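An overview of the molecular structure
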Amino acid sequence: MSDNTPIEVPVVVVGGGPIGMLFALRLAQLGAPSLLAEQNATTISLPKMDMTNIRSMEILRVMGLADEYRQLGPKEELSDWVTPFTTGMGEKEHHLFTWPLEGNKTWREKIRKINDGTQPVEPPLRSSQIVLEAFLKDKCLKTPLITGKFGWKFLSCVEDEAGVVSKFVTLEGTECTVKSQYLIGSDGGRSTVRKHVGIQTSGYNFPKKLFMTFFKSDELAERRHFGNFWHIVTPKGFLVDTNAGNLFASHHIFPEGDDTSHLDPTEVAQANLGGIGEPWKFKIDEVLAHSVWQPRFRCANTLSTPSEKIFLVGDAAHAVPPHGAHSLNTGILGMWNLSWKIAAVVNGYGGSRLLKSYNMEMKPVAMGVIEAVGGHIGRQMSYSDWITENLDVIDAETPEGKAVRARVGAMIRDIGNHGKYYGRELDQRLKSDIIFQDSDGTTEPRWNALQYTPSTWPGARAPHVWLKDGPTPIFDHYGLWWTLVNFQKSGKSDDGVLDNFTMAAEKLGMPFKTVELVDEDHARKLWERDLVLVRPDGHVAWRSNEAPLATQIIEILEVVSGKKPLPTDEQILINHTVLERV
């Protein structure tokens, strides 16, 4: 059966997971209608992720979602979440080392007290994808500019001069056609969109698989050996506390070739927590779900088709395990990078170079995450190897046993906490031909994956800082689209620079906001320039201490909106840098 009347909409988003739904919501906030198609009628029941990191929570704050989402997360008042490493959870097994991780209470105190630009404006949030998807689906279905089609399976798409013609089939078997300017493939690591358009991926699969048991246990909730943990790691796998209550996910590691189809999920979870000893026979009240999954480290060779009418985001673009919460959060970065560019072109505010910049800016970020997570997992697995090599003594109450445990604990300490990549989370330094690099010889700040260096270096996320009034972050002054921040001294004229930018933006049809901050010396020091032009995603597009001429302002705005190429010397520098990073 077929519905022969095509639906016409500017953007089609295929895949109604968190990234697809956030993409559609952001398009709607920016005035661009979309059709959101998801093959499943309901949201997921498996706890695929359990941490929305600091940058993602900043993004949700901008979208007006953070506060409501926090109400759904577990126990905001807890001061910390830890990841203990053990030889097992039984009576005779031992604790080896604990990775500390600040809870939201500690984070909020730090953010309030430390105003040196190193902090995010929002703490992270421990929350399951089960919760996030249900929350976002409700928002999407209530948003007028989103046509939600849950139960629509993607079949095919064809690009033509006008855009993309896509075909779907409903759960009832009706085939439907949709015509759009753009199609966003957000349909997961096994993306049908990606395969249909012939985009290949590069990377590898981790040579292990994990048996996940999602269960309810009141006994385990009460017998918290190590306090309020995020994960507990054993030589056989790890356990995730998904709600700071009685819902847990056990992940038991098996060799890639093992047949696990006959295994009982309760026994697998008990064996995992038993570690090197006998299975720990705690009571599991109910097994809610179980599955087998394999970590994948893959990135699409290109994030769009050559016509730049079909784009990939989320796991469809770059697959990485949820180790350290990098999977979902890297997808949110891609959504945040591309959604405003699509909306700008659809609304007539931006040129085609905005769309070209997505590959240049996002692929190096994704490749960096894949490399970092793969390396960290490999180092963490060495902990299990060490225990296996010392099985006969590691739990012994002898000087030799204590010495082995101390050596393994030191190894775990030196590997470093996978949840503390704050530089990688906050300091994505994007490079493309819609960003002006400094021309005054300024040296780029040192980049550190673990520690964020606040800077308005072109392409970087502009740093959070509290203004003099105390409760207002500079972020809250941003407009919906491009924002020019001007730091001024009282009694000093701005020489008409704000008016000149405003008039130039009006001439080009660009939505534009100017913000004048008077005598904000501390913020000015952290922001490093008198004039800083911030993009809709919070990244710096241009900065200067000198007011440009009117003709220069037009060129600046044409470049940052994707309507005009960078000057030649700038373009050569950008192309060279991006090639090096990829």
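Structure first, text after, so check above.
Notes on the structure follow. It should be emphasised that the depicted structure is a prediction, and the values quoted were computed from it without experimental measurement.

Time to look at the overall build of the protein chain. Scanning the protein chain from N- to C-terminus turns up 16 helices and 23 strands. A globule of 582 residues ought to have a C-alpha radius of gyration of about 25 Å, and the protein chain, at 25 Å, matches this closely. Based on the C-alpha atoms only, the size of the protein chain along its principal axes is roughly 75 × 65 × 40 Å. Scored against the burial criterion, the 582 residues of the protein chain give a buried share of 58%. Sequence-distant contacts, at least 24 apart, represent 73% of the contacts inside the protein chain between residues at least 6 apart. Accessible surface, the protein chain: about 23,400 Å² in total, of which carbon and sulfur atoms supply 51%. Here the protein chain holds 62 positive side-chain charges and 72 negative ones, and the gap between their average locations is 1 Å.

Right, let's talk about the sheet that holds strand E19 (residues 318-319) for a bit. Taking strand neighbours across the sheet as the criterion, the 3 strands line up as E11-E17-E19 in an open arrangement whose pairing is antiparallel. What marks the edges here is a single partner per strand, and that holds for strand E11 (201-205) and E19. As judged from the 5 bridges shared by E11 and strand E17 (residues 296-300), these two strands associate in the antiparallel manner. Its bridge partner lying in E17, serine 202 is registered against cysteine 299. Contacts between helix H10 (residues 353-389) and the sheet are confined to E11, E17 and E19, with E17 contributing the most and set at about 165° to the helix.

With respect to the secondary-structure elements, lysine 137 resides in helix H5 (residues 129-141). Lysine 137 gets classed as buried once you look at its relative accessible area, which sits at 17%. Beyond its immediate sequence surroundings of up to four residues, lysine 137 is in contact with Met21, Ala41, Thr42, Thr43 and Phe150.

Another point: helix H11 (residues 399-415). With 17 residues, H11 ought to run about 24 Å at 1.5 Å a step, and its terminal C-alpha atoms sit 25 Å apart, in line with that. Within the span of H11, buried status applies to Gly401, Val404, Arg405, Val408, Gly409, Met411, Ile412 and Ile415. Seen along its axis, H11 keeps its buried residues to an arc of 155°; they face one direction. The exposed residues of H11 that point more than 90 degrees off its buried face are Pro399, Lys402, Ala406 and Asp414. One or two steps after H11, the chain reaches glycine 416, where phi turns positive at roughly 90°.

What follows deals with the side chain of threonine 472. Counting through the fold element by element, threonine 472 comes out in the loop between helix H12 (422-426) and strand E20 (482-488). Here the side chain of threonine 472 touches aspartate 469 through a polar contact of 2.7 Å, side chain to side chain. Once you skip the residues sitting within four places of it in the chain, threonine 472 turns out to touch Val465, Trp466, Leu467 and His477.

Right, let's get into the nonpolar core. Counting residues in each nonpolar core, the largest one holds 96 residues, and the members touching the most others are Ile342, Leu533 and Leu557. A total of 12 residues in this core trace back to one element, the largest contributor, which is helix H9 (residues 326-346). In this structure leucine 533 touches Trp482, Thr483, Leu484, Phe512, His539, Val540, Ala541, Trp542, Ile556, Leu557 and Val560, once residues within four positions along its chain are discounted. By size, the runner-up hydrophobic cluster in this structure holds 17 residues, among which are Val121, Leu526, Val534 and Val540.

Another aspect to go through is the pattern of salt bridges. Evaluated as defined, the whole model comprises 27 salt bridges. Note that arginine 70 and glutamate 122 form a salt bridge whose closest N and O atoms lie 3.0 Å from each other. Of this pair, arginine 70 sits in helix H3 (residues 66-70) while glutamate 122 is found in the loop between helix H4 (104-113) and H5, placing the two residues 52 residues apart along the sequence. Overall, arginine 70 belongs to the buried group, its relative accessible area being 4%. Across the pair arginine 529 and aspartate 440 runs a salt bridge whose closest N-O atoms are separated by 3.2 Å. With arginine 529 in the loop between helix H14 (521-527) and strand E22 (531-534) and aspartate 440 in the loop between H12 and E20, the pair connects residues that are 89 residues apart, well separated along the chain. A network of salt bridges, in which partner residues are shared, links Asp438, Asp440, Glu528, Arg529 and Arg543.

How each quantity is defined
- Residues numbered from 1 in each chain as written.
- Predicted model: local features only at pLDDT ≥ 70, side-chain atom pairs only at ≥ 80, totals over all residues.
- Heavy atoms only, no water.
- Helix = DSSP H or I, 4+ residues; strand = E, 2+ residues; numbered from the N terminus.
- Rg over C-alpha atoms; globule rule 2.2 N^0.38 Å.
- Buried < 20%, exposed > 50% of the residue type's maximum accessible area, 1.4 Å probe, protein only.
- Contact = heavy atoms within 4.5 Å.
- Areas by Shrake-Rupley, 256 points an atom, 1.4 Å probe, with all protein chains shown as cover.
- Lys, Arg positive; Asp, Glu negative; His and termini not counted.
- Charge placed at Lys NZ, Arg CZ, Asp CG, Glu CD.
- Pairing = 2+ DSSP bridges.
- Axes fitted to C-alpha atoms, helices over the stretch in contact; angles between N-to-C directions.
- Expected span 1.5 Å × (residues − 1).
- Arc of directions from axis to C-beta.
- Polar contact = N/O pair within 3.5 Å; in protein donor to acceptor, adjacent residues only side chain to side chain.
- Core = buried A, V, L, I, M, F, W, Y, C linked by side-chain atoms within 4.5 Å.
- Salt bridge = Lys/Arg side-chain N within 4 Å of Asp/Glu carboxyl O.

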